[in-house]
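# Structure assessment
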Amino acid sequence: MSDTIYVAFATQKGGAGKSTLTALVASYLRYVEGVEVAVIDCDSTQHSMNVYREHDLMVTKENPRLKRVLHKFYLDKGYKPYPILLTSPADAIKVAEDFVAKGNTPKVIFFDITGTINNRDIVTLIAGMHYIFVPITTETGEMASSITFANNVQNRMITTGLSKIREMRLVWNKVNSRDKPRLCEIIDHYMEKLGLSSLDTVLVKSNKFEKDGLEVGNGMIFRSTMLPPDKRLLKGSNLVELVKEVRSIINV
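Every chain's residues receive numbers from 1 upward, in the order its sequence appears when written. Owing to the predicted nature of the model, reporting of local features is limited to residues with pLDDT of at least 70; listing and counting of side-chain atom pairs is limited to 80 or more, with chain, interface and lining totals taken over all residues. To obtain the side-chain values, all non-hydrogen atoms of the structure were included, while hydrogens and water were left out.

## Some thoughts on the sheet that holds strand 1 (residues 5-9)
Read from one edge to the other, the open sheet built from seven strands follows the order 3-2-4-1-5-6-7, with strand pairing classed as parallel. In this open sheet, the two strands that pair with only one neighbour each are strand 3 (84-86) and strand 7 (198-204). Strand-to-strand, the axes of this sheet are offset by a mean angle of 25 degrees, without reference to chain direction. Any pair of residues with heavy atoms lying within 4.5 Å of one another is described as a contacting pair. Lines are fitted to the C-alpha atoms to define the axes, a helix being fitted only along its stretch in contact, and any angle between axes, read from their N-to-C directions, falls within 0 to 180 degrees. By the criteria applied, helices consist of DSSP H or I runs no shorter than four residues and strands consist of E runs no shorter than two, each listed in order from the N terminus. Across the sheet, helix 4 (residues 92-101) touches strand 1, strand 2 (37-41), strand 3 and strand 4 (108-112), and the angle it forms with strand 4 is around 155 degrees. Two strands are said to pair when DSSP picks up at least two bridges between them.

Okay, here's the thing in structure tokens:
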């Protein structure tokens, strides 16, 4: 059990991209780099990861090209899709522990969490993570919400020692390229005064993050819980750099 690392992309406001980042990083680790992972979908208000998986199952069944791609990929790799387990925040840690106790050996378990610190079950769950990555965008409301969330986790959990959290970092997401040298650096400097820091990697705003396949046609896939991102879409996405930086922090 001690070898399994608990990781969450978490924030308290929708729209920052926590579920998308969870899917992208989990899938890249598993399907490109061969790291065994699992996902606990405990965002009981949406169950976004499960919605993603159901969509992926549908398009790979209905689209003949994607069906062939899926078959060839799993035939070549010998993989199965990583598991996505649905539960509530109150039961999430136990579900993870039971999953491992049954002989499964994920190196990383990602938790898709409803972000708030006003719910006791979610507070307990967040405190049980080993690493927290907080998506932050340049949209004013989302930015303020992410900083407030991270600051509360820092002050109430990490600095008090009342959690298992080893490190927390913010992740700039959906950023227009022209914003990075200005707004992001200003906010990074402000966050440093709060004892917070962001990853070096910045994810730009791009519609490629929404490419998850269609029932017909030859469209490319970037976000999928069953396939790796199309290599042609990786350029300029900074996903490779994000995964590398995340791996260096969680030591996987």
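There's plenty left to go through after this.
## Re the pairing of strand 6 (residues 167-175)
Relative accessibility thresholds used throughout: buried, under 20% of the residue-type maximum; exposed, over 50%; partly exposed, between the two (1.4 Å probe, protein chains only). For strand 6, the tally of buried residues reaches seven of nine residues, placing the bulk of the element in the interior. Of the pairings in the sheet, the one linking strand 5 (residues 131-136) to strand 6 comprises six bridges and is parallel in character. Bridging from a neighbouring strand, V134 pairs with L170 of strand 6. By convention a crossover is right-handed if, when the strands point away from the viewer, the path from the first strand over the helix to the second runs clockwise. Each parallel crossover has a hand, and the one from strand 5 via helix 6 (residues 140-158) to strand 6 is right-handed. Sheet topology note: the strand 6/strand 7 ladder contains three bridges and is parallel. Each bridged residue has a counterpart across the sheet, and for W172 the counterpart in strand 7 is V202.

## Quick word on the pattern of salt bridges
What makes a salt bridge here is a side-chain nitrogen of Lys or Arg within 4 Å of a carboxyl oxygen of Asp or Glu, nothing more. What the rule picks out here adds up to eight salt bridges. With a shortest N-O distance of 3.1 Å, K18 and D43 are connected by a salt bridge. Linking K18 in helix 1 (residues 18-32) with D43 in the loop between strand 2 and helix 2 (48-62), this pair joins segments that are 25 residues apart in sequence. A relative accessible area of 1% places D43 in the buried class. A salt bridge links D230 to R232; the shortest N-O distance between them is 2.8 Å. Through salt bridges with shared partners, a single network forms among K18, D43 and D112.

## Here's the deal with the packing of aromatic side chains
Pairing of aromatic rings covers Phe, Tyr and Trp, the last counted by its six-membered ring, and requires centre-to-centre distances within 6.5 Å; plane angles under 30 degrees mean stacked, over 60 mean edge-to-face, and any other angle means tilted. Enumeration over the complete set of coordinates arrives at eight aromatic pairs. Here the aromatic rings of F209 and F222 are separated by 5.4 Å at their centres, their planes lie at 85 degrees, and the arrangement is edge-to-face. A residue pair is termed long-range when its members are at least 10 positions apart, and F209 in the loop between strand 7 and helix 8 (231-234) and F222 in the loop between strand 7 and helix 8 qualify at 13 residues. According to the relative accessible area criterion, F209 is buried, its value standing at 8%. Clustering of aromatic rings is evident, with ring pairs tying together Y31, F73, Y74, Y79 and Y82. Note on criteria: charge over ring means Lys NZ or Arg CZ within 6 Å of the ring centre, with the direction from the centre no more than 35 degrees off the ring normal. One cation-aromatic arrangement involves R30 over Y79; the distance from NZ or CZ to the ring centre is 3.9 Å.

## Re the layout of surface pockets
The calculated volume of the largest pocket comes to roughly 350 Å³. For the lining of the largest pocket, the secondary-structure elements that each account for two or more residues are helix 1, helix 3 (64-77) and helix 8. Counting residues per element, the lining of the largest pocket draws most heavily on helix 3, which supplies four residues. Here the lining of the largest pocket is composed, by residue class, of 10 nonpolar, no polar and five charged. Here a cavity denotes a set of grid points, spaced 1 Å apart and computed over the protein atoms alone, in which a 1.4 Å probe fits but from which it cannot get out, and a pocket denotes an open set meeting protein on both sides within 12 Å along at least five of seven lines; residues with an atom within 4 Å of a point are reported as lining. Grid points are joined across faces, edges and corners, and a volume is the space filled by probe spheres set on the points. Here the nonpolar group is Ala, Val, Leu, Ile, Met, Phe, Trp, Tyr, Cys and Pro; Asp, Glu, Lys and Arg are the charged ones; every other residue, Gly included, is treated as polar.

## Here's the deal with helix 3
Multiply 1.5 Å by the residue count of a helix minus one, and that product is the helix's expected span. Spanning 14 residues, helix 3 covers 20 Å between terminal C-alpha atoms, matching the ideal 20 Å at 1.5 Å per step. Buried within helix 3 we find L66, L70, F73 and Y74. Down the axis of helix 3, the smallest arc covering the buried residues is 90 degrees, so these residues share one side. Set apart from the buried face of helix 3 by more than 90 degrees, the exposed residues are P64, R68, H71, K72, L75 and D76. Considering only its buried residues, helix 3 is in contact with helix 1 and helix 2. Definition of a polar contact: a pair of N or O atoms within 3.5 Å, with one able to donate and the other able to accept a hydrogen when the atoms are protein atoms, and with sequence-neighbouring residues admitted only if both atoms are side-chain atoms. Measuring from the backbone nitrogen of R65 back to the side-chain oxygen at the start of helix 3 gives 2.9 Å, which picks out N63 as the cap. One or two residues past the end of helix 3 sits G78, with phi positive at roughly 75 degrees. When we speak of the arc, we mean the arc of directions from the helix axis to the C-beta atoms.

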